[in-house]
Amino acid sequence: MKAYLATLPTRHRDPHVKRLSFIAALTLGLGGCATFTPDGGMQPVAQGVASAISMDTTKITSPEDAANVQSRVQALLKKPLTADAAVQIALINNRGLQVAYNALGVSEAAFVQASLPPNPVIGVERLATGGELEIERRVIANALALLTLPARSDIAKTQFEAARQKAIEATFRTAAEARRAYYRAVAARQIASFLEQARTSADAAADLMRKLGETGGAKKLDQARASAFYAEVSNQLAEARINVGTEREALTRAMGLWGNDIGYKLPGQLPAMPRIQTEQQVEVSAVRRRVDLIAARLELDAMAKTLGLTNATRFISALDAGWRGNYERVTEDGVRQSSAPQGFELEIQIPIFDLGEVNVRRSSEMYMQAVNRLMEKAVNVRSEARAAYLTYRGRYDVAQQFQNKILPLRRTINEQAQLEYNGMLIDVFELLTTARESITTNVAAIAAKRDFFIATVDFQTSIIGGGSGGSAESSPTVAAAGGDKD
């Protein structure tokens, strides 16, 4: 605008145009306008995710981005799926996570909008009656919005930072859900595989009893017991196969797969037990690192600034100021006379009935509400971290007890029971009871190992954020074949 005015001769410089230029320069100077980031505010999110869980994430904003993501997904699915690969696929392919990134973009737009000065209102009015002509020109701006622009921009910036933390939390939650779903799916497959082997053994035992019964070498009761054991294991296997399908679909949803991609390969068993992690100050780490707590602090900060702004403007809720210029022309007896009066106008709302106390009281209560929520969250975060660590250590001990003591003892019991049965020291009933107990123990051992891996995920999310996706017990496990009551 200034450059344009400089090119005009002095006599062509309209005074109201110069005023418009001055107002525009003033508003731009007060505003310190923010601009959109190239990636919609995603860079701090990606850095935070990479630092915390060593994974990368991306926001899909174009067909090219979607094609690149699909190419990466295809490359990761060519090999048997690992837990890290499942998480990585979820972080770049899950559309629910993309919704959280879109929300971050919306928050950035609100921040940029809050940093912009209010648009002025320009009005032109022309009245002609007989030999009289009157033209009125007005430029009106919201002076209150202009004066409070720096404060409102600062509030929006803080809210944008809180939205970033929420986007990081959504990423952590998606990663945790994918990892839990992976361990449940693999454990379900391992249980089904074990039960298939158990059913094969039960089938062979039932067939042997049937043949011995034909020769008179086995009683009818023993034949019935062997056949019932086979039927029970078969039913147990059917339940396990249902669980395999449902847990696999949960993993598929977590990774955001569809079409031909759902034919991915899972390993046959859970990975080996890792070393236990020791954490001396889980509460301190959680309070310092939990992204949902950081977001709550930022939101409280923004609300405090909003309360201060409300207090500062409690007596003035509407203030408009502007320039006004008229051009009048009157023709009398063939003589044309004209005038161009100029001035300004100011509109202010008089606080007669509402003195701003309503807004102040509302803002104060909302602020204290946010304070209490933050304090509640801080208490819960500390407790969740302690509980998650206790569960993590307990699940580790249980799984190790199965691996190091219970399963070896069960193998010894099975071997000795078979030897005593061959030596005719025990009957079929005791042998089948031992087999049932062995199946129950092996299924429980797999479930305990799965629960430990899920507890590991819950422990990590209790420290960095991402929410709890339900305990391991919520995942269905296959019931053991019932024992014979005879």
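Calculation rules
- Residues numbered from 1 in each chain as written.
- Predicted model: local features only at pLDDT ≥ 70, side-chain atom pairs only at ≥ 80, totals over all residues.
- Heavy atoms only, no water.
- Helix = DSSP H or I, 4+ residues; strand = E, 2+ residues; numbered from the N terminus.
- Buried < 20%, exposed > 50% of the residue type's maximum accessible area, 1.4 Å probe, protein only.
- Contact = heavy atoms within 4.5 Å.
- Salt bridge = Lys/Arg side-chain N within 4 Å of Asp/Glu carboxyl O.
- Polar contact = N/O pair within 3.5 Å; in protein donor to acceptor, adjacent residues only side chain to side chain.
- Axes fitted to C-alpha atoms, helices over the stretch in contact; angles between N-to-C directions.
- Parallel < 35°, antiparallel > 145°, perpendicular 65-115°, else oblique.
- Left-handed = near helix turned anticlockwise from the far one by under 90°.
- Nonpolar A, V, L, I, M, F, W, Y, C, P; charged D, E, K, R; others polar.
- Expected span 1.5 Å × (residues − 1).
- Arc of directions from axis to C-beta.
- pLDDT = per-residue confidence, 0-100.

Engineer: Got a minute to help me understand the overall build of the chain in this structure?
Structural biologist: Regarding its fold elements, the chain presents 13 helices and five strands. Of all 486 residues assigned to the chain, the portion counted as buried reaches 38%. Of all intrachain contacts in the chain linking residues separated by at least 6 positions in sequence, the fraction that spans at least 24 positions is 80%.

Engineer: What exactly am I supposed to notice about the pattern of salt bridges here?
Structural biologist: Pairing of side chains with opposite charge becomes possible as their charged atoms draw close. Scanning all chains against the criterion turns up 20 salt bridges. Close ionic contact of Asp 222 with Arg 225 constitutes a salt bridge, the shortest N to O distance being 4.0 Å. You can see Asp 222 and its partner Arg 225 sitting in helix α9 (residues 220-255), three residues apart, about one turn around the helix. The pair Asp 222 / Arg 225 is uniform in exposure class, with both members buried. With a shortest N-O distance of 3.2 Å, Glu 232 and Arg 436 are connected by a salt bridge. In this pair, Glu 232 is assigned in helix α9 and Arg 436 in helix α13 (residues 428-464), connecting sequence segments 204 residues apart. Among the residues examined, Glu 232 registers a relative accessible area of 27% and is labelled partly exposed. You can call Arg 436 buried: its relative accessible area is 5%. One network of salt bridges, in which partners are shared, links Arg 290, Asp 292, Lys 377 and Glu 384.

Engineer: Teacher, can you tell me more about the side chain of Thr 174 here?
Structural biologist: Secondary-structure assignment places Thr 174 in helix α8 (residues 149-214). With a relative accessible area of 10%, Thr 174 lands in the buried category. At 3.0 Å, the side chain of Thr 174 and the backbone oxygen of Ala 170 are in polar contact. Excluding residues that lie within four positions of it along the chain, Thr 174 makes contacts with Ala 90, Leu 91, Asn 94 and Leu 97.

Engineer: I tried to follow the packing of helix α3 (residues 42-53) against α8 on my own but got confused; where do I start?
Structural biologist: Pairs of packed helices are described in terms of their axes, by the angle between the two and the distance that separates them. In contact at an axis separation of 9 Å, α3 and α8 are set at 45° when each is read in the N-to-C sense. Comparing their axes, α8 and α3 come out oblique. Here the hand of the crossing between α3 and α8 comes out right-handed. Of the residues in α8, those in contact with Pro 44, Val 45, Gly 48, Val 49, Ala 52 and Ile 53 of α3 are Arg 164, Ala 167, Ile 168, Thr 171, Phe 172 and Ala 175. Class assignment of the residues belonging to the contact of α3 with α8 gives a composition of nine nonpolar, two polar and one charged.

Engineer: What is the right way to look at α3 in this model?
Structural biologist: Side chains that are three or four residues apart share a direction in an α-helix, a result of its 3.6 residues per turn. Across its twelve residues, α3 extends 16 Å between first and last C-alpha, which sits within 8% of the 16 Å expected from 1.5 Å per residue. Of all the positions in α3, only Met 42, Val 45, Val 49 and Ile 53 are classed as buried. Around the axis of α3, the buried residues are gathered within 60° of arc, so they sit on the same side. In this structure, the buried residues of α3 make contact with α5 (83-93), α6 (95-114), α8 and α13.

Engineer: Explain the confidence of the model for the chain to me, please; I cannot follow it from the model alone.
Structural biologist: Any segment with low pLDDT has predicted coordinates that should not be analysed in fine detail. When pLDDT is averaged along the chain, the result is 81, and 74% of the positions lie at 70 or above. Per-element averaging of pLDDT across the chain places helix α1 (residues 2-6) at the bottom with 40 and α5 at the top with 96. Taken together, the stretch residues 26-31 has pLDDT below 50 and engages in ten contacts with residues farther than four places along the chain or on a different chain. Under a pLDDT of 50 for its full length, residues 469-476 has, in the predicted model, 18 contacts with residues more than four places off or in other chains.

Engineer: Please clarify how α13 should be interpreted in this entry.
Structural biologist: For α13, with 37 residues, the first-to-last C-alpha span of 55 Å sits near the 54 Å given by 1.5 Å per residue. Of all the 37 residues making up α13, 27 are buried; the element is thus mostly covered by neighbouring parts of the structure. Gly 465 sits one or two positions beyond α13 and adopts a positive phi of about 105°.

Engineer: How should I be thinking about unusual backbone geometry in this particular structure?
Structural biologist: Glycine aside, residues mostly have negative phi angles, and peptide bonds mostly take the trans form. Although it is not a glycine, Ser 54 adopts a positive phi angle of roughly 55°. Locating Ser 54 in the fold gives a position in the loop between α3 and α4 (63-77).

Engineer: Explanation requested: the environment of Val 99 in the structure shown.
Structural biologist: Positionally, Val 99 belongs in helix α6. Note: C-alpha distance between Val 99 and Lys 59 (40 residues apart in sequence) is 9.5 Å.

Engineer: Would you mind going over the packing of α8 against α13 with me for this structure?
Structural biologist: At a closest axis distance of 9 Å, the pairing of α8 and α13 adopts a crossing angle of 175°. Viewed along their axes, α8 and α13 adopt a mutual orientation that is roughly antiparallel. Taken together, the residues of the contact of α8 with α13 break down into 17 nonpolar, four polar and five charged.

Engineer: Quick question: what am I supposed to make of the environment of Asn 442 here?
Structural biologist: By the secondary structure assignment, Asn 442 is in helix α13. Expressed as a C-alpha distance, the spacing of Asn 442 and Leu 195, which sit 247 residues apart in the sequence, is 9.5 Å. Those residues in contact with Asn 442 that lie beyond four places of it in its chain are Phe 194 and Leu 407.

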